[in-house]
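Okay, here's what each chain looks like letter by letter:
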Amino acid sequence: MDISVHQVRLIKTMKSFRMTDGFSIVCGEDCAIQVCPDCAPADKKDQVVDFILARTLSDVMPETGGHDDLLITIPSCGHVFTVETLDGHTAIKDFYSRDTGDTKWTGLKTPDGPIKPPSCPTCRSPITCNRFGRIIKRADLDILERNVTSHMSRSLDRCLGAVQRFDENRSTSLLVEAASTVDIPAPKKKPALKKLKNAQEDVLKKKDERPALYTDILAQNNKLHWIDSAVDKVWTSAVRPLFDRYRDIQKLAETRSAHTQAWEAAFSFLYEREMETGLKDLSKMPRNPKEHAMRMATMQVGQPRPLADRRFLVEAFWLTIHIRLTMNKLAQAWLEKVDQQKCHIFHLLQWADYIQYLLKTCSIDADKALAIAKDSNSYRQIAKSVLLALRIDLETFRFNLDMCKKFGTFKDSDKRKELREKAIESRDACMQKMDLTIYEHLNRMGSGQEEAAWLESTFTTTARVIVDEWSKLEQSIWRDTFYQPVSLDEKMDIIRAFNFGNWYDSGLGN
């Protein structure tokens, strides 16, 4: 059987390849669709396959084995290019690192920002070659990521609009009117208050990265609270729109993007594999096997944890906290106007405990939001989360001071001294947090005029107001004078600070 010259060339090129089901396990491409420079029809031979040197198919010599002569046929369209051309076209070096001599691949890299699916340089058909599988998968994940982030952005905007349209004045009037007419005698059988308190503590100790559950802040949840049905009926009617939006935001906070799901799956697999490897040979087990497995899994997964949905998660935390602070104002309005002659003190104390619980969930969730922002290196979100935490601390102290005055303990000189010392301590802590946040923010983001102006308008001005409020509170307690609280809703319009936008399209900005 005679063998032509071009067949000899092809045999020499392929002789070191092992074949499995028609695919070369060296290059991974389907051998059946590859184009031979000698066998190709004339019109194909004249096509440019090397964009760097402008060579046609007839000019290349695959038997040399160099990337500038090896060919790949794109399955979707049949166009042929050299490996070097497609490597440059798909920016493969953004995904893999090379040695100093640029002779072989040495590891994985992670490209910055989203990428588009690679396409044929000639006809724009999708490139589906196995060599570029990691690039193709990353592009597909980026498309899914855009869909998720776009959905989350639009959903948060809808929830934000609904919260802004909530008629707080109407709800306040409804609660105040009910407070003057409600008649609730002492309960015939008191609940096990210690059991309720323990259940609340269990909820507050949860470490999961999501806002307090919708069911855990409901006043009618009798596993956590003991609120009379007459009060709960009016309360539910007054704040139902807020609870509805809260439930929607909670669902959004539990959404995970395609990148995050893929990263977590890969990380989990690699972590388990490292642990199993260590268990097979205990003599080589590292001193801290879990830490070692986490470090190795992080290195092998090839890219850092995605951040887009985590930054939306921070914004979800903010909005749920804002809703709870609004509920706190409404709940205090009812407690302030209730007729203590008609409502037994036991019920007043239980309502005060519910308010205190809401504030505790806000404080814990503000700390969670701050931790997530720090983990994501989202410095503007860090500043906003710190400011929110400072506000919650002040609101909590204000409420405790009001309760001391309402129930008579404020008249005790020792109690006033304790409250004053707490106010001084909190003011000093607030100043330290403010100064530290300003220093760290400008140190990370730079002290340019634009960034300094943003920090001043969004954080510093309001933080100073909060510090001043602590000073006013301390003086009011010391002199036993009337304290007129400043409305932080006016000074700190947290809704305007949300800036719900497509972090993904803006490069996951801070």
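Below is a short write-up of the structure. Just so you know, these numbers come straight off a predicted model, no measurement behind them.

1. Topic: helix 11 (residues 345–375)
Thought 1: The end-to-end C-alpha distance of helix 11, which contains 31 residues, comes to 45 Å, matching closely the 45 Å that a straight helix rising 1.5 Å per residue would cover.
Thought 2: Following helix 11 by one or two positions, Asn 377 adopts a phi angle in the positive range, close to 55°.

2. Details of the nonpolar core
Thought 1: Ranked by internal contacts, the top residues of the largest apolar core, which has 89 residues, are Trp 235, Phe 243, Trp 334, Leu 335 and Trp 351.
Thought 2: Among the secondary structure elements, those contributing two or more residues to this core are helix 4 (133–165), helix 5 (168–181), helix 7 (229–253), helix 10 (308–337), helix 11, helix 12 (379–406), helix 13 (413–445) and helix 14 (449–479).
Thought 3: In contact with Trp 351, not counting residues within four places along its chain, are Ala 219, Ile 227, Val 231, Trp 235, Ala 331, Trp 334 and Leu 335.
Thought 4: Ile 92, Ile 127, Cys 129 and Phe 132 belong to the second largest nonpolar core, which has 14 residues in total.

3. Some words on the packing of aromatic side chains
Thought 1: The full count for this structure, using the stated rule, is 9 aromatic pairs.
Thought 2: Summarising the aromatic geometry, the rings of Phe 51 and Phe 81 are spaced 5.5 Å apart at their centres and angled 85° between planes, so their arrangement reads as edge-to-face. Of the two residues, Phe 51 sits in the loop between strand 3 (48–50) and strand 4 (55–56) while Phe 81 sits in strand 6 (residues 80–82), which places them 30 residues apart along the sequence.
Thought 3: For Phe 51, a relative accessible area of 45% corresponds to the partly exposed category.
Thought 4: Among the residues examined, Phe 81 registers a relative accessible area of 1% and is labelled buried.
Thought 5: With a centroid separation of 6.1 Å and 85° between ring planes, the pair formed by Trp 235 and Tyr 354 is classed as edge-to-face. Remark: Tyr 354 occurs in helix 11 and Trp 235 occurs in helix 7; sequence separation between them is 119 residues.
Thought 6: Ring-pair connections join several aromatic residues into one group, and the members of that group are Trp 235, Trp 334, Trp 351 and Tyr 354.
Thought 7: The residue whose ring lies beneath Arg 247 is Tyr 214, and the NZ or CZ to ring-centre distance is 4.9 Å.
Thought 8: In this arrangement the basic side chain of Arg 416 is found over the ring face of Phe 410, its NZ or CZ atom lying 5.8 Å from the centre.

4. A look at the side chain of Asp 142
Thought 1: Residue position: Asp 142 is located in helix 4.
Thought 2: A distance of 2.7 Å separates the side chain of Asp 142 from the backbone nitrogen of Ile 115, its partner in a polar contact.

5. Topic: the packing of helix 12 against helix 14
Thought 1: Across the interface, helix 12 lies against helix 14 with an axial gap of 11 Å and an inter-helix angle of 15°. Our classification of the angle between helix 12 and helix 14 gives roughly parallel. Between helix 12 and helix 14 lies a crossing of left-handed hand. Residue-level contacts link Arg 380, Ala 383, Lys 384, Val 386, Leu 387, Leu 390, Arg 391, Asp 393, Leu 394, Phe 397, Arg 398 and Leu 401 of helix 12 to Glu 451, Trp 454, Leu 455, Thr 458, Phe 459, Thr 462, Ala 463, Ile 466, Glu 469, Trp 470, Leu 473 and Ile 477 of helix 14.
Thought 2: For the contact of helix 12 with helix 14, the class distribution of residues is 15 nonpolar, 2 polar and 7 charged.

6. Remarks on the pattern of salt bridges
Thought 1: Taken as a whole and judged by the stated rule, the model has 23 salt bridges.
Thought 2: Asp 50 serves as the salt-bridge partner of Arg 55, at 3.1 Å between the closest nitrogen and oxygen. We note that Arg 55, like Asp 50, is buried.
Thought 3: The salt bridge involving Arg 210 is made with Glu 254; its shortest N-O contact spans 2.9 Å. In this pair, Arg 210 sits in the loop between helix 6 (193–204) and helix 7 while Glu 254 sits in the loop between helix 7 and helix 8 (258–280), placing the two residues 44 residues apart along the sequence.
Thought 4: Among the ionic contacts, a cluster of salt bridges with common partners joins Arg 391, Glu 395, Arg 398, Glu 469 and Lys 472.

Parameters and conventions
- Residues numbered from 1 in each chain as written.
- Predicted model: local features only at pLDDT ≥ 70, side-chain atom pairs only at ≥ 80, totals over all residues.
- Heavy atoms only, no water.
- Helix = DSSP H or I, 4+ residues; strand = E, 2+ residues; numbered from the N terminus.
- Expected span 1.5 Å × (residues − 1).
- Core = buried A, V, L, I, M, F, W, Y, C linked by side-chain atoms within 4.5 Å.
- Buried < 20%, exposed > 50% of the residue type's maximum accessible area, 1.4 Å probe, protein only.
- Contact = heavy atoms within 4.5 Å.
- Phe/Tyr/Trp six-rings, centres within 6.5 Å; stacked < 30°, edge-to-face > 60°.
- Lys NZ or Arg CZ within 6 Å of the ring centre and 35° of its normal.
- Polar contact = N/O pair within 3.5 Å; in protein donor to acceptor, adjacent residues only side chain to side chain.
- Axes fitted to C-alpha atoms, helices over the stretch in contact; angles between N-to-C directions.
- Parallel < 35°, antiparallel > 145°, perpendicular 65-115°, else oblique.
- Left-handed = near helix turned anticlockwise from the far one by under 90°.
- Nonpolar A, V, L, I, M, F, W, Y, C, P; charged D, E, K, R; others polar.
- Salt bridge = Lys/Arg side-chain N within 4 Å of Asp/Glu carboxyl O.

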